[in-house]
Amino acid sequence: MHFIDVDRVVFSYENEDNNNTKVLKELSLSIGKGEFIALLGHNGSGKSTLAKMFNGILLPDTGDVTVCGMNTKNDDTLINIRRKVGLVMQNPDNQLVASIVEEDVAFGPENLGLEPSEIRIRVDEALKAVDMYAYKDHASYKLSGGQKQRVAIAGIIAMQPDCIVLDEPTAMLDPQGRQEVMDTIVKLNKEKNITIILITHYMDEAALANRLVILDNGKILTQGRPDEVFSKVELLKRHKLDVPQAAQLAYRLKSCGFRINKLPLNAEECVEEIAAQLK
Ligand code: ADP
């Protein structure tokens with residue numbers, strides 16, 4: 001049994017505009033505990049819809065989604081699934097519910113009905129995990145975008161989930177905020193073994209994952225390690241998807257006859273690869 005199993009899921013939104021077109025088309029995907037997956041694909045390919053399947057916000061029309069063997073269609077276990085799988089959305093302003101940082105982070109554990117002493121411990125730990133402990137008494141609205149998003153992530157961590165699904169968490173942030181949030185995500189995955197499912201348009205963020213899953217028109221186009229997937233430059237271009245600049249440069253050099261041993265995914269790896277050629 002995998003941590004999450006998506007088995008032949010079909011889904012359509014029931015409304016006039018969408019004309020009941022299938023948004024997910026017999027999509028299957030298995031995710032192991034502790035994996036860091038980046039979910040990529042152009043707008044409308046079904047990424048956000050799939051994200052909402054992981055904790056039962058949306059349910060498949062046909063097919064099944066199971067988390068630790070619990071089916072999201074089963075009302076009795078949905079609460080357990082929601083404790084295991086937390087969702088972080090794009091806009092941090094829509095996720096902060098209280099005016100003071102620590103009250104915000106306490107909101108989830110309070111809803112779980114935990115003892116105040118346990119809530120205190122969880123809030124402090126969660127704020128430390130996202131490097132926001134020093135701001136616990138601060139007013140949420142005064143924080144930067146990156147700080148707000150880290151508080152939103154702390155609110156999820158305080159529920160002690162096994163998995164966090166993040167739907168374009170850095171889309172509204174400046175470069176510094178993006179970096180802070182990505183550092184936090186990588187740390188949670190590496191140090192706490194939290195499974196990460198990250199939807200992003202930024203290829204440099206995707207390159208940090210263990211596995212890329214590329215959606216196209218409600219199906220998986222391709223998946224694999226970042227260096228495997230990003231080496232399929234022609235396929236990705238055909239589907240109007242980006243490749244990290246470092247990988248693109250290496251690909252062009254390769255087509256001019258350079259020998260590239262390992263596909264570089266960032267500037268440092270690219271420099272190493274080129275320097276090795278020039279020795
Ligand atoms: P992505 O996250 O890859 O951009 P989405 O899952 O948001 O893709 O959307 C997939 C398709 O479903 C798109 O065609 C979109 O217009 C449609 N869609 C998304 N949300 C809704 C909704 N609430 N009602 C109707 N159609 C929707």
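Residues numbered from 1 in each chain as written. Predicted model: local features only at pLDDT ≥ 70, side-chain atom pairs only at ≥ 80, totals over all residues. Heavy atoms only, no water.

*Asks:* Looking at this structure, I do not really get the overall build of the protein. What am I missing?
*Replies:* Helix and strand counts for the protein come out as 11 helices and 10 strands. If one aligns the C-alpha atoms of the protein with their principal axes, the spans along those axes are about 65 × 45 × 35 Å. Taking the intrachain contacts of the protein between residues at least 6 apart in sequence as the baseline, contacts between residues at least 24 apart amount to 61%. Only carbon and sulfur atoms are counted for the fraction: they give 48% of the accessible area of the protein, which is about 13,900 Å². Of the side-chain charges in the protein, 33 are positive and 40 negative, and the distance between the mean point of each set is 6 Å. (Helix = DSSP H or I, 4+ residues; strand = E, 2+ residues; numbered from the N terminus. Contact = heavy atoms within 4.5 Å. Areas by Shrake-Rupley, 256 points an atom, 1.4 Å probe, with all protein chains shown as cover. Lys, Arg positive; Asp, Glu negative; His and termini not counted. Charge placed at Lys NZ, Arg CZ, Asp CG, Glu CD.)

*Asks:* Mind showing me how you'd approach the site of the ligand here?
*Replies:* The environment of the ligand is made up of 12 residues, and the closest members are G44, G46, K47, S48 and T49. G44 places a main-chain nitrogen or oxygen 2.7 Å from an oxygen atom of the ligand. In this structure, S45 approaches the ligand through a main-chain N or O atom, which is 3.1 Å from an oxygen atom. Protein contact buries 63% of the 550 Å² of open area that the ligand shows by itself. Ranked by the residues each element gives to the shell around the ligand, the list is headed by helix 1 (residues 47-53), at three residues. By residue class, the composition of the shell around the ligand is two nonpolar, nine polar and one charged. (Near = heavy atom within 4 Å. Polar contact = N/O pair within 3.5 Å; in protein donor to acceptor, adjacent residues only side chain to side chain. Nonpolar A, V, L, I, M, F, W, Y, C, P; charged D, E, K, R; others polar.)

*Asks:* Could you clarify how one ought to interpret the sheet that holds strand 1 (residues 4-12) in this entry?
*Replies:* What links the strands of a sheet is backbone hydrogen bonding, and the strands pair in either a parallel or an antiparallel sense. The sheet built from four strands is open, its strands ordered 2-1-4-5 with antiparallel pairing. Looking at strand neighbours, the two that pair on one side only are strand 2 (22-31) and strand 5 (70-71), the edges of this open sheet. (Pairing = 2+ DSSP bridges.)

*Asks:* What's the story with the side chain of E35 in this structure? I'm lost.
*Replies:* Its location among the elements puts E35 in the loop between strand 2 and strand 3 (36-40). At 2.9 Å, the side chain of E35 and the backbone nitrogen of G32 are in polar contact. Setting aside chain neighbours within four positions, we find E35 in contact with S30, N189, I194, T195, I196, N210 and R211.

*Asks:* Which parts of the structure should I look at to understand unusual backbone geometry?
*Replies:* Excluding glycine, residues mostly have negative phi values, and the peptide bonds linking residues are mostly trans. Of note in the backbone geometry, R8 takes a positive phi value of approximately 45° without being a glycine. As for its position among the elements, R8 is in strand 1. Residue classification places R8 among the partly exposed residues on the basis of a relative accessible area of 48%. Positive phi, normally seen in glycine, also occurs at K240, with a value near 60°. Note that K240 resides in the loop between helix 9 (233-238) and helix 10 (245-255). (Buried < 20%, exposed > 50% of the residue type's maximum accessible area, 1.4 Å probe, protein only.)

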